[in-house]
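Overview (structure and organization)
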Amino acid sequence: MQTPSARELARNPLLRRLADGGLAASLIVRLCDGPEIGRIAATAGFDALYVDLEHSPLPLLSASRICNAARDAGLTPLARVPAIDAALIGRVLDGGAMGIIVPQVESAEDAARAVACCRYPPRGARSVAGGLPALHYRDYPQGEAQQALDDGVLVAAMIESAAALDAVESIAAVEGLHMLFIGAHDLAAALGVPGQWERPLLRDALARIRQACQDAGKALGLGGLAGQPELLRELAAGPGGCFVSMGTDLACLLGAATRRAAFAHALRQDEASCPPRA
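What comes next is a walk through the structure.

Parameters and conventions
Residues numbered from 1 in each chain as written. Predicted model: local features only at pLDDT ≥ 70, side-chain atom pairs only at ≥ 80, totals over all residues. Heavy atoms only, no water. Helix = DSSP H or I, 4+ residues; strand = E, 2+ residues; numbered from the N terminus. Rg over C-alpha atoms; globule rule 2.2 N^0.38 Å. Buried < 20%, exposed > 50% of the residue type's maximum accessible area, 1.4 Å probe, protein only. Contact = heavy atoms within 4.5 Å. Areas by Shrake-Rupley, 256 points an atom, 1.4 Å probe, with all protein chains shown as cover. Lys, Arg positive; Asp, Glu negative; His and termini not counted. Charge placed at Lys NZ, Arg CZ, Asp CG, Glu CD. Core = buried A, V, L, I, M, F, W, Y, C linked by side-chain atoms within 4.5 Å. Patch = residues over 30% accessible without salt bridge, like charges linked within 9 Å, V, L, I, M, F, W, Y side chains within 5 Å. Salt bridge = Lys/Arg side-chain N within 4 Å of Asp/Glu carboxyl O.

1. Observations concerning the overall build of the protein
For the protein, the helix and strand inventory stands at 14 helices and 8 strands. For 278 residues, the compact-globule estimate of 2.2 N^0.38 gives 19 Å, and the protein sits close to it at 21 Å. Split into buried and exposed, the 278 residues of the protein put 48% on the buried side. At a minimum sequence separation of 6, the contacts of the protein that also span at least 24 residues come to 65%. Carbon together with sulfur atoms contributes 54% to the accessible area of the protein, which is approximately 13,600 Å² in total. Charge separation in the protein, taken as the distance between the mean sites of 25 positive and 30 negative side-chain charges, equals 5 Å.

As structure tokens, this is what we get:
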């Protein structure tokens, strides 16, 4: 059997989907710490998942196992890190993530640092390691391996503050950045309108971010809006790739469990309202 090339193994289907203007649905993993969630997400029909290392206690080992199971199941696994931290980002990528979502990006310089953390020299500053799961633990010539991994990693910058909004056009123009990912709840809070989705101030901000993505040829990431279907539909319309976060594993589990419990308790409601039999 012919050995696959490093490029074949490191190919990122999510990058291609977004570059072609497609839409991808993603699940956030915060609760489940086993690899099963990767296969469950694939069975449910998601295109991607991201392990949330910013808002969960999940350790790196769990993140690695989830990412590799998701990848084997046909999903693109990403991870959201808590900060622009080269050492942490390198470890997450070495563990099997195929992309990084970076919070607290408030300038083009921040975005450029995030990109550099995800790529090897001379394109970036990622530290070199061998025996990576992304290459099925095979050894390839260093130049071939690094080029393949550089080309296969997705880099997304969170837009979630007033400063990020002010700089959104320059952030979107950063070379090597693939997506602007809206953190809708943080952005709304930063603008002084938390949860007020109909406010023109917030609507204008969301429209500005979408326009910046279209002008720069970057994908639009929509986070925190799974509970606002009409707004989500409005923002996802139009040209360009779109990455839609549809909530957390906890929300999916709790929502389905709540509906089933309510159904069970309703089974005898009609019977309870009837008069007793003679």
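Back to the write-up after that little detour.
2. Observations concerning the nonpolar core
Membership of the largest hydrophobic core comes to 66 residues, with the highest contact counts inside it found for Leu49, Ile171, Leu177, Leu180 and Ile209. Looking at which element gives the most residues to this core, the answer is helix 11 (residues 200–216), with 6 residues. Setting aside its immediate chain neighbours within four residues, leucine 49 contacts Ser26, Leu27, Val29, Ile37, Gly38, Ala41, Ile66, Ala70, Leu75, Thr76, Pro77 and Leu78. Formed by 16 residues, the second largest nonpolar core is a distinct cluster that contains Leu14, Ala24, Ile28 and Ala156.

3. Things to note about unusual backbone geometry
Between proline 121 and the following residue, proline 122, the backbone shows a cis peptide bond with an omega angle of 5 degrees. Mapped onto the fold, proline 122 is located in the loop between helix 6 (108–117) and helix 7 (142–152). Of note, the phi angle at histidine 136 is positive, near 55 degrees, even though the residue is not glycine. Here histidine 136 is to be found in the loop between helix 6 and helix 7. For tyrosine 137, which is not a glycine, the phi torsion comes out positive at approximately 65 degrees. Tracing the chain through its elements places tyrosine 137 in the loop between helix 6 and helix 7. For tyrosine 137, a relative accessible area of 56% puts it in the exposed group.

4. Digging into a nonpolar patch on the surface
A contiguous nonpolar surface patch, about 390 Å² in accessible area, is contributed by Leu31, Leu250, Leu253 and Leu254. Relative to the helices and strands, leucine 253 is located in helix 13 (residues 249–266).

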